[in-house]
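So the chains spell out like this:
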Amino acid sequence: MLKTALKIALATIAAAPLAGLATKADASEREKVFFQSVEGSWSGPGEIVAGKYKGTKFVCNFDGDTPQGGVGMALDGNCRVGVFTQPMKASVVRGKGGFKGTFLDGAAGKGLDVTSGKVIGNDVIFALNRSSLSGAMRARITGRDTMQITISVKVEEEMVPVIGMKLKRVDTGAVSAIARD
C-alpha cells in the first residue's frame, strides 16, 4: 500500500499544474510555458494522511523535463522512506483527447495511468486509475518555486485525501528562470 501511495504521489507530480485556458492555441502555449517553468530539480517532503500508513513521512527528489515537440512533462527520480528508496518515473502528454500518461509502467504493469485532466487557473486535476482503484491528483503552484500536491482516492462516492506533498525548486536553471518571466 505504501509503494502504491508513493507511486500515486509521483504520478501526480508528472501531471504538474498548468495555467488557465482560453482557446486551444492559447491553452497549448500557456501549458508549454507552465511545463517549462517546472523543468529542473525539485525536492520536498510528503506525508500519507489517511489509511493504514497514516503518518508515514517521505522525501522525494525529481528532475523534470518537457517532451520535444509536445506539451507535457517527464519526471525521473526517487522517493525515500527511512532507509528505503523507491525509483520513480512518470510522464504525461497532452494529445488530441486530452492528457494521458503513465507512472512507472502504467496500470497494465505495477504503475498507474493518468486518464484525463482539467486545468483551472493555477490548479490542475488529473484522473488516476489502476484496476478498481480510481482517484485524482490536484497540483497547485503556490509560489514562484513551490508546488503543493494532494492525491485523493475514491471511497464509495467520496474522494478522500490520502497523500500531501510540498515540493520546492532546488536549482536555479536558466529554462525555469526564463519561463517564469
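Let us look at the structure shown here. (Residues numbered from 1 in each chain as written. Predicted model: local features only at pLDDT ≥ 70, side-chain atom pairs only at ≥ 80, totals over all residues. Heavy atoms only, no water.)

Before going further, it helps to spend a moment on the overall build of the protein. Tallying secondary structure elements over the protein gives three helices and 10 strands in all. Sequence-distant contacts in the protein: of pairs separated by 6 or more residues, those separated by 24 or more amount to 42%. Accessible surface, the protein: about 9,300 Å² in total, of which carbon and sulfur atoms supply 53%. (Helix = DSSP H or I, 4+ residues; strand = E, 2+ residues; numbered from the N terminus. Contact = heavy atoms within 4.5 Å. Areas by Shrake-Rupley, 256 points an atom, 1.4 Å probe, with all protein chains shown as cover.)

Turning to the packing of aromatic side chains, a few remarks are in order. Working definition: an aromatic ring pair is given by the centre-to-centre distance plus the angle between the planes. Counted under the stated rule, the structure contains one aromatic pair. Between Phe-99 and Phe-126, the aromatic rings sit 5.2 Å apart at their centres with planes inclined by 80 degrees, giving edge-to-face as the arrangement. Residue Phe-99 is found in strand 5 (residues 98-103), and its partner Phe-126 is found in strand 7 (residues 123-130); the two are separated by 27 residues along the sequence. In terms of burial, Phe-99 and Phe-126 fall into one category: buried. (Phe/Tyr/Trp six-rings, centres within 6.5 Å; stacked < 30°, edge-to-face > 60°. Buried < 20%, exposed > 50% of the residue type's maximum accessible area, 1.4 Å probe, protein only.)

Tallying each qualifying case throughout the model produces one disulfide. Here Cys-60 connects covalently by a disulfide to Cys-79, the sulfurs 1.9 Å from one another. Here the S-S torsion is close to 105 degrees, and the disulfide linking Cys-60 with Cys-79 is therefore right-handed. Of this pair, Cys-60 sits in strand 2 (residues 57-65) while Cys-79 sits in strand 3 (residues 72-81), and the two are 19 residues apart along the sequence. (Disulfide = S-S within 2.5 Å.)

This brings us to the pairing of strand 7. Successive side chains on a regular strand alternate, one facing one side of the sheet and the next facing the other. As paired elements, strand 6 (residues 112-120) and strand 7 share seven bridges and run antiparallel to each other. Opposite Val-114, over in strand 7, you have Leu-128 as the bridge partner. Inspection of the sheet shows strand 7 paired to strand 8 (residues 133-143) by eight bridges, in the antiparallel sense. The residue bridging Val-124 from the neighbouring strand is Ala-139, located in strand 8. Between strand 7 and strand 8, which follow one another and run antiparallel, lie two residues, and Ser-131 among them has a positive phi close to 50 degrees. (Pairing = 2+ DSSP bridges.)

What follows covers the environment of Gly-44. Take Gly-44: it is sitting in strand 1 (residues 40-48). With residues up to four places along the chain from it excluded, the contact list for Gly-44 reads Phe-58, Val-59, Cys-60, Lys-166 and Leu-167.

As a further point, take the sheet that holds strand 8. In a beta sheet, neighbouring strands are held together by backbone hydrogen bonds and run either parallel or antiparallel to one another. Reading around the circumference, 1-2-3-4-5-6-7-8-9-10 is the order of the 10 strands in this closed barrel, with antiparallel pairing throughout. Pairs of neighbouring strands in the sheet enclose a mean axial angle of 25 degrees, with direction left out of account. Relative to strand 9 (residues 146-155), strand 8 is paired through eight bridges, and the arrangement is antiparallel. Within strand 9, the residue paired with Ala-139 across the bridge is Ile-149. (Axes fitted to C-alpha atoms, helices over the stretch in contact; angles between N-to-C directions.)

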